[in-house]
Amino acid sequence: MSLLERLNNDMKQAMKNKEKDKLSVIRMLKASIQNEALKLRQDLTDDEELTVLSRELKQRKDSLQEFENAGRSDLVDKVRTELVYVEAYMPQQLSEEDISKIVNETILEVNATSKADMGRVMGALMPKVKGKADGSLVNKLVQQHLS
């Protein structure tokens, strides 16, 4: 089942169950995917859909941080709820241990020896963990391994 089909089914179920927050998030995700498809003038691949979902997830995490810093607990609760719904459509996230293993393999693969090679490592690594790991965590682990 494609992501759009899954979103449509979940949207119908959320309407039946009168889950306003969930329905709102599903509609937003669906709109983001459809907008991206219109922009590219073609149906999205699974990888492109994952990119859109990752972008939406990152936006919510950034918003959550900003609202917490501003002391807006009303908005913090709303964004946390949205995060739960968005994460439900993301693939299973890799553990820090798994990411560390992939980082080591990639460092050996590109023959990286210092922090100067960070760009090459990240360029080779990110496609491997796309959507399955937080970029800031990956960045931190690469820096640790290269130092």
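This text goes with the structure placed above it.
In what follows, the accompanying structure is described. (Residues numbered from 1 in each chain as written. Predicted model: local features only at pLDDT ≥ 70, side-chain atom pairs only at ≥ 80, totals over all residues. Heavy atoms only, no water.)

Structural notes on the packing of helix α5 (residues 96-109) against helix α7 (residues 135-146)
Their axes nearest at 10 Å, the elements α5 and α7 cross at an angle of 55°. One way to sum up the angle between α5 and α7 is to call them oblique. By crossing handedness, the relation of α5 to α7 is classed as right-handed. Side by side, α5 and α7 meet where E96, I99, S100, V103, N104 and I107 of the first sit next to L137, V138, K140, L141, V142, H145 and L146 of the second. Looking at the contact of α5 with α7 residue by residue, the classes come out as 8 nonpolar, 3 polar and 2 charged. (Axes fitted to C-alpha atoms, helices over the stretch in contact; angles between N-to-C directions. Helix = DSSP H or I, 4+ residues; strand = E, 2+ residues; numbered from the N terminus. Parallel < 35°, antiparallel > 145°, perpendicular 65-115°, else oblique. Left-handed = near helix turned anticlockwise from the far one by under 90°. Contact = heavy atoms within 4.5 Å. Nonpolar A, V, L, I, M, F, W, Y, C, P; charged D, E, K, R; others polar.)

Some thoughts on the layout of surface pockets
Its volume calculated, the largest pocket comes out at about 390 Å³. Lining the largest pocket are 18 residues, with S54, K58, A133, D134 and G135 sitting closest to its centre. If you list the elements that add at least two residues to the lining of the largest pocket, you get α3 (46-70), α6 (118-129) and α7. Counting residues per element, the lining of the largest pocket draws most heavily on α3, which supplies 7 residues. When its residues are assigned to classes, the lining of the largest pocket shows 5 nonpolar, 6 polar and 7 charged. (1 Å grid on protein atoms, 1.4 Å probe; cavity = no way out; pocket = protein on both sides within 12 Å on 5 of 7 lines; lining within 4 Å. Points joined across faces, edges and corners; volume = space filled by probe spheres on them.)

Structural notes on the environment of V103
Along the chain, V103 falls in helix α5. Taking the C-alpha atoms as reference points, V103 and N139, separated by 36 residues in sequence, lie 9.6 Å from one another. If sequence neighbours within four positions are ignored, V103 has contacts with L125, L141, V142 and H145.

What to know about the pattern of salt bridges
Scanning the model with the defined rule gives 10 salt bridges in all. Taking the shortest distance from any N to any O, the salt bridge between E109 and K128 comes out at 3.0 Å. In this pair, E109 is assigned in helix α5 and K128 in helix α6, connecting sequence segments 19 residues apart. A single network of salt bridges, built from pairs that share partners, joins E56, R60, K78 and E82. (Salt bridge = Lys/Arg side-chain N within 4 Å of Asp/Glu carboxyl O.)

Section: α6
Count 3.6 residues to each turn of an α-helix, and residues three or four apart come out pointing the same way. Across its 12 residues, α6 extends 16 Å between first and last C-alpha, which sits within 8% of the 16 Å expected from 1.5 Å per residue. For α6, the complete set of buried residues consists of M118, V121, M122, L125 and V129. Here the buried residues of α6 occupy an arc of 90° about the axis, which is enough to place them on one side. Structural note: α6 exposes G119 and P127 on the side pointing more than 90 degrees away from its buried face. Looking at the packing, one finds that the buried side of α6 touches α5 and α7. (Expected span 1.5 Å × (residues − 1). Buried < 20%, exposed > 50% of the residue type's maximum accessible area, 1.4 Å probe, protein only. Arc of directions from axis to C-beta.)

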